[in-house]
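Coordinate inspection notes
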Amino acid sequence: WDKRKFDLRCWVLLTGGGASDFDAYIYEPLYARLCAKAWSLDDHLLLDEKRHLSNLAVNKGSADNLLGTQSDLESMVDFEKVKRGIRKIVKALARTAHQLASTRSRSFEFLGVDIILDEAAKPW
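Worth saying up front: this structure is predicted, and the values here are computed from it rather than measured. (Residues numbered from 1 in each chain as written. Predicted model: local features only at pLDDT ≥ 70, side-chain atom pairs only at ≥ 80, totals over all residues. Heavy atoms only, no water.)

**Overview of the overall build of the protein chain**
As a reminder of what qualifies: Secondary structure follows DSSP: runs of H or I at least 4 residues long count as helices, runs of E at least 2 residues long count as strands, and numbering of each begins at the N terminus. Whether a residue is buried, partly exposed or exposed follows from its accessible area with a 1.4 Å probe, protein chains only, as a fraction of its type maximum: under 20%, in between, or over 50%, in that order. Two residues qualify as a contact provided that any one of their heavy atoms is within 4.5 Å of a heavy atom in the partner residue. Per-residue and other accessible areas were derived by the Shrake-Rupley procedure at a 1.4 Å probe size, with only the shown protein chains allowed to occlude residues. The convention is simple: Lys and Arg are positive, Asp and Glu are negative, and His and the chain ends are not counted. Just so you know, the charge point we use is NZ for Lys, CZ for Arg, CG for Asp and CD for Glu.
Each helix and strand counted, the protein chain has 4 helices and 5 strands in total. Principal-axis analysis of the C-alpha atoms gives the protein chain an extent of 55 × 30 × 25 Å. The proportion of buried residues among the 124 residues of the protein chain is 32%. Taking the intrachain contacts of the protein chain between residues at least 6 apart in sequence as the baseline, contacts between residues at least 24 apart amount to 68%. A total accessible area of about 8200 Å² is found for the protein chain, and carbon and sulfur atoms account for 55% of it. Side chains of the protein chain carry 19 positive and 18 negative charges; the gap between the two charge centres is 4 Å.

Here it is in structure tokens:
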């Protein structure tokens with residue numbers, strides 16, 4: 001992806017609530033949101049949002065493709081390992097959401113969860 005910074009958008013549906021824990025469902029395929037320009041820490045480029053923010057609203061209007069596919073990512077990293085890490089993050093998110101949610105039952109939340117990968121492809 002030409003040294004461009006990216007994050008993964010993961011859509012999650014939490015169902016349940018009340019006295020029971022939330023059940024979490026992760027929609028696949030995931031997709032990557034790419035910065036329009038190559039990442040750089042050069043002093044004169046630090047304020048260039050299109051190098052450092054992968055938000056689509058920031059990068060719209062760019063001639064470059066701003067979305068990467070799950071299959072693109074699968075060819076670059078151990079994607080099963082990435083998915084295991086994402087499931088751990090979503091499980092922790094569901095536990096926290098249950099602790100903070102009101103006590104109404106039969107409810108749901110639909111969340112867009114942004115995941116970044118470190119140099120070892122560990123999700124955060």
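Don't stop here, the text continues.
**Notes on a positive patch on the surface**
Put simply, the test is: Candidates for patches are residues over 30% relative accessible area with no salt bridge; among them, like charges are joined within 9 Å and nonpolar side chains (Val, Leu, Ile, Met, Phe, Trp, Tyr) within 5 Å. Salt-bridge detection follows one rule: a side-chain nitrogen of Lys or Arg within 4 Å of a carboxyl oxygen of Asp or Glu.
Taken together, Lys81, Arg84, Arg87, Lys88 and Lys122 make up a surface patch of like positive charges. Here Lys81 shows up in helix H4 (residues 79-100). On the accessibility criterion, Lys81 (38% relative accessible area) is partly exposed.

**Some remarks on the pattern of salt bridges**
With the rule as written, the count across this model stands at 7 salt bridges. Salt-bridge contacts for Glu28 lead to Lys83; the nearest nitrogen and oxygen are separated by 3.7 Å. With Glu28 in the loop between strand E2 (23-26) and strand E3 (31-34) and Lys83 in helix H4, the pair connects residues that are 55 residues apart, well separated along the chain. Residue Glu28 is classed as partly exposed on the basis of its relative accessible area of 38%. With relative accessibility at 16%, the residue Lys83 sits in the buried group. Residue Asp48 is joined to Lys37 by a salt bridge in which the shortest nitrogen-to-oxygen separation is 3.2 Å. Of the two residues, Asp48 is situated in the loop between E3 and helix H1 (49-52) and Lys37 in the loop between E3 and H1; the sequence distance between them amounts to 11 residues. Classification of Asp48 by relative accessible area gives buried; the value is 18%. Taking relative accessible area as the criterion, Lys37 reaches 33% and is therefore assigned partly exposed. Each of Asp7, Arg9, Arg33 and Asp114 takes part in one network of salt bridges that share partners.

**Let's talk about the nonpolar core**
Under the convention used in this document: Here, nonpolar core means buried Ala, Val, Leu, Ile, Met, Phe, Trp, Tyr and Cys residues that are tied together by side-chain atoms lying within 4.5 Å of each other.
Leu8, Cys10, Val12, Val82, Ile86, Ile115 and Leu117 are the most contacted members of the largest nonpolar core, which totals 17 residues. Contributing elements (two or more residues each) for this core: strand E1 (6-16), H4 and strand E5 (107-115). At 5 residues, the largest contribution of residues to this core is made by H4. Setting aside residues no more than four positions away along its own chain, Val82 makes contact with Leu8, Val77, Leu117, Ala121 and Pro123.

**Points about the side chain of Arg33**
Worth spelling out the cut-off: We define a polar contact as two N or O atoms separated by no more than 3.5 Å, with the added condition that, inside protein, one atom must be a possible hydrogen donor and the other a possible acceptor, whereas residues neighbouring each other in sequence contribute only through side-chain atom pairs.
Positionally, Arg33 belongs in strand E3. The exposure class of Arg33 is buried, given its relative accessible area of 8%. Here the side chain of Arg33 touches Asp7 through a polar contact of 2.7 Å, side chain to side chain. A distance of 3.1 Å separates a polar atom in the side chain of Arg33 from a polar atom in the side chain of Asp114.

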